[in-house]
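One-letter residues, chain by chain:
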Amino acid sequence: MNSIKLKAHAKINLGLDVVRKREDGYHEVRMIMQTIGLYDKLTLSRTNNSSVIINTNLHYLPTDENNLVYKAITLIKKEYGIKQGVYVNLEKKIPVAAGMAGGSTDAATALYGMNRLFHLNLSKGDLMGLGLRLGADVPYCIMRGTVLSEGIGEVLTPLPPFPVCRVLIVKPGISMSTRYVYENLKLDAQTKHPDIDGIIGYIKNKDLHRAVGLFGNVLETVTEKEYPIIGEIKVKMSEYGAIGSLMSGSGPSVFGLFDDFKKAEKAFYQFKISNLGKQVFLTNLYHPCY
Ligand code: ATP
C-alpha cells in the first residue's frame, strides 16, 4: 500500500463543564463529546524522499510544523524510525478555530493513517497515548462516538450512542481562540454548571428530549458575551424547530438538533440565505462501528 484515503470527523459538545482551574494552569473539564458526519479528507502517500509535505485547499492554514498533521506524522516517524517521506493532501471542510476539533481530528486521522501505511500494528490505545502528546482532544478523536471526557480531556468513558437526530451547524464569520476563551473564563458561585450526569442518565435511557433539555456549555459565558450573534443563532434555531441548540466547544460554531428531518432541511436553507452564518452544514451524528 502506497497511499491511504481517510475521513477526519468533526465533533460537537452536547455538554461542556469546567470543574476547576488546576495549579498548573490547565482546566479540569467534564464534556460530553459527539462525533458528527462532517469531515475533512486526508490522503497520505509514501514518497521517495524523507520529508513531510502538506498540501491543503485552505491558503491560510499552515503547512509546516505548525500544522497538527505535520506534528502527528513527524511524531510517528521519530518514534518508529521511519525514514521514508509522506505527502499529505488535506481537504478541509470543518470550520477552522470553530470549536469542532478540526485540527485534533486531522492529527488523530494522520496517526491512524501512518499506522496503516507503515504496518506499525499499533493498538487504538497506543495511538491514543501518542495523540495526547499532540493535544488534549486528540485521543477522543481517535476513539470517536458519544463519550464522556474528563481530566484535561484525556480520561475517556464511552457512552451509549446518542439517539438519532439531524445536526445543523451554523458558524458565524468570527474565529475564536480556545486559549482566549479559557483564559477569560471566570468560575464563581454564580456560574451555572450544566448537569452532565443528568444528560448521561437520559442518554442511557435513550430519552432524546430530556437529554437535550439539560444541554449546557459553560464557555458560552465568555464567547456569547463577546459575540451576541451566538445567542441570535440559538434563538433562530428554536424558531426553526430545533429541539435544542448550543455553542460547540469554545465556539463560535452553534449546533441545533432536530428530530423532525423536514424542519432541519428547511432551517438549513433559512440559515443559508441569512447573514447569521458564514458556514452552514446539515449532517448526522456519527458512530464508529467497532
Ligand atoms: P477545538 O475544538 O479542539 O478547540 P478548534 O476547532 O477551535 O479546535 P482548530 O480548527 O483545530 O480549532 O484550529 C485551531 C488552530 O490550529 C488554528 O489557528 C489553525 O491555524 C491551527 N491548525 C493547525 N493544524 C490544523 C489543521 N490540520 N486543521 C485546522 N487547524 C489547524
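Here the structure is a predicted model, which means the values were calculated and not measured. (Residues numbered from 1 in each chain as written. Predicted model: local features only at pLDDT ≥ 70, side-chain atom pairs only at ≥ 80, totals over all residues. Heavy atoms only, no water.)

Student: Break down the overall build of the protein chain for me, citing the residues and quoting the values.
Tutor: Scanning the protein chain for helices and strands turns up ten helices and eleven strands. By the compact-globule yardstick of 19 Å for 290 residues, the protein chain fits well, its C-alpha radius of gyration being 19 Å. Dimensions along the principal axes, computed over C-alpha positions, put the protein chain at roughly 55 × 45 × 35 Å. Split into buried and exposed, the 290 residues of the protein chain put 53% on the buried side. Averaging the coordinates of the 35 positive side-chain charges in the protein chain and doing the same for the 27 negative ones gives two points 7 Å apart. (Helix = DSSP H or I, 4+ residues; strand = E, 2+ residues; numbered from the N terminus. Rg over C-alpha atoms; globule rule 2.2 N^0.38 Å. Buried < 20%, exposed > 50% of the residue type's maximum accessible area, 1.4 Å probe, protein only. Lys, Arg positive; Asp, Glu negative; His and termini not counted. Charge placed at Lys NZ, Arg CZ, Asp CG, Glu CD.)

Student: Describe the sheet that holds strand E10 (residues 254-258), and please don't skip the residues or the numbers.
Tutor: In space, the four strands of this open sheet follow the order E9-E10-E7-E11, with antiparallel pairing throughout. The strands lining the two open edges of the sheet, one partner per strand, are strand E9 (244-247) and strand E11 (279-284). Neighbouring strand axes in the sheet, compared pairwise and without regard to direction, differ in orientation by 20° on average. Pairing of strand E7 (residues 166-171) with E11 involves six bridges; the strand directions are antiparallel. Bridge pairing links leucine 168 to leucine 282 in E11. (Pairing = 2+ DSSP bridges. Axes fitted to C-alpha atoms, helices over the stretch in contact; angles between N-to-C directions.)

Student: Pulling in residues and values, what's your account of the pattern of salt bridges?
Tutor: What the rule picks out here adds up to eleven salt bridges. Notably, a salt bridge pairs arginine 22 with aspartate 24, separated by 2.9 Å at the nearest N-O pair. For lysine 92, the salt bridge is made with aspartate 106, and the minimal N-O distance between the two is 3.0 Å. Residue lysine 92 is found in the loop between strand E4 (86-91) and helix H2 (102-117), and its partner aspartate 106 is found in helix H2; the two are separated by 14 residues along the sequence. One connected set of salt bridges, linked through shared partners, spans Arg30, Glu150 and Asp197. (Salt bridge = Lys/Arg side-chain N within 4 Å of Asp/Glu carboxyl O.)

Student: Give a description of a positive patch on the surface that names residues and reports values.
Tutor: Residues Lys5, Lys7, Lys41, Lys93 and Lys272 make up a contiguous surface patch of positive charge. Structurally, the position occupied by lysine 272 is in helix H10 (residues 261-273). (Patch = residues over 30% accessible without salt bridge, like charges linked within 9 Å, V, L, I, M, F, W, Y side chains within 5 Å. Areas by Shrake-Rupley, 256 points an atom, 1.4 Å probe, with all protein chains shown as cover.)

Student: So what's going on with the site of the ligand? Which residues, and what values?
Tutor: By nearness alone, 21 residues border the ligand, and Leu68, Ala97, Ala101, Gly103 and Thr178 come closest of all. Separating a nitrogen atom of the ligand from a side-chain N or O atom of lysine 92 is a distance of 3.0 Å. The side chain of aspartate 106 places a nitrogen or oxygen atom 3.0 Å from a nitrogen atom of the ligand. For the ligand, the accessible surface in isolation is 600 Å², of which the surrounding protein chains cover 79%. At a threshold of 2 Å from the grid points, most atoms of the ligand map onto the largest pocket. A per-element tally of the shell around the ligand places H2 first, with four residues. Tallied by class, residues from the shell around the ligand come to ten nonpolar, seven polar and four charged. (Near = heavy atom within 4 Å. Polar contact = N/O pair within 3.5 Å; in protein donor to acceptor, adjacent residues only side chain to side chain. 1 Å grid on protein atoms, 1.4 Å probe; cavity = no way out; pocket = protein on both sides within 12 Å on 5 of 7 lines; lining within 4 Å. Sits in = over half its atoms within 2 Å of the grid points. Nonpolar A, V, L, I, M, F, W, Y, C, P; charged D, E, K, R; others polar.)

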